[in-house]
Amino acid sequence: MKLHLGVALAALALAGCSSMSATQGAPETTVATAVLRPMEMPPITIYHLEGRRSERIVWLMEELNLPYTLVFKRGDLAGSMAEIRKVNPGMPVAPTVTIGDQVMTESGAIIETIINRYAPGKLTPAINTSDYADHLIWMHHAEGSLAGRVIADYRVWMIKPPTTRSPLVDSDAEVQFAEDWLAKHPYFGGAEFSAADIMMVFPLNFAMKLNIVDETKYPKINAWKARMEERPAYKRMLAKARPDGLIGSPPALPARPPVAPRPGQQ
Ligand SMILES: N[C@@H](CCC(=O)N[C@@H](CS)C(=O)NCC(=O)O)C(=O)O
């Protein structure tokens, strides 16, 4: 039997958490009951830059068939950024999302909030499976490790191409790690499509399309990306969030001269 987060929390509630009185200082039942059934969803607005990470949230909402308002200036990244600054002057990044009157950043946090509140159990493996832990690893790896490393490498290469590979985990190692995973699993969350796949598309596209890694070396990732692009919700996202194709892309790295392998490796 699959045990989802909502069911697990319901079991906790039945075991007594929710029946504790206020005088015992226990939390109210709202936490447990909220995840059992979807919470009522306030208006959600996605402040978007075409071709950037805010596509993740549009794609998520399309997968979940949830309503949202999309704000951006078509073909005008600076204009779209001005819209973001109006609601989020302290950290003007895409995605910026308002859920009711709360302003959120960090695509992973936004995705987990929307799923756990308004679509509990969706696009998330059952909590008692190993897929659940793998799904969470990739949910967080996408930004916490992969995106940071490929963007750092891109910036370094733009300033001064290195002549030897770093002894630390670099973009090639990152993308190879994802390739090796997909050689054994159909999705980043394991057996089924999950929000981890939504998180992983952007940094892998960034690494491959900007020539930070050689995209021909990763057949599993290419096959997985083709499957993602075939999803009806992904196509609806493209039509709404990238109506004119990619605009204002950073330049790809020039063809890379061979780099000496990292010490101890071929
Ligand atoms: N870790 C954040 C990254 C957000 C982010 O940096 N977004 C980019 C667009 S893809 C941005 O808005 N950059 C503007 C800037 O850095 O000034 C997330 O996953 O939401």
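Below you will find a few notes about this structure. Values in this document were obtained by computation on a predicted structure and should not be read as measured data.

The rules we used
- Residues numbered from 1 in each chain as written.
- Predicted model: local features only at pLDDT ≥ 70, side-chain atom pairs only at ≥ 80, totals over all residues.
- Heavy atoms only, no water.
- Salt bridge = Lys/Arg side-chain N within 4 Å of Asp/Glu carboxyl O.
- Helix = DSSP H or I, 4+ residues; strand = E, 2+ residues; numbered from the N terminus.
- Buried < 20%, exposed > 50% of the residue type's maximum accessible area, 1.4 Å probe, protein only.

Once that is clear, we can look at the pattern of salt bridges. For the structure shown, the criterion picks out 13 salt bridges. Residue Glu-174 pairs with Arg-149 through a salt bridge whose shortest N-O separation is 2.6 Å. Of this pair, Glu-174 sits in helix α7 (residues 171-184) while Arg-149 sits in helix α6 (residues 130-159), placing them 25 residues apart in sequence. Under the relative-accessibility criterion, Glu-174 is labelled buried at 3%. One salt-bridge network, held together by shared partners, links Arg-53, Arg-56 and Glu-143.

Let us now look at unusual backbone geometry. The phi angle of most residues is negative, glycine excepted, and most peptide bonds adopt the trans form. Here Ala-94 and Pro-95 are connected by a cis peptide whose omega angle stands at 5°. Here Pro-95 is to be found in the loop between α4 (77-87) and β3 (96-99). One non-glycine residue, Leu-123, lies in positive phi territory at about 50°. Following the sequence through the fold, Leu-123 ends up in the loop between α5 (107-118) and α6. Backbone geometry places Asn-211, a non-glycine residue, at a positive phi of 65°. Assignment of secondary structure puts Asn-211 in the loop between α8 (195-209) and α9 (219-230).

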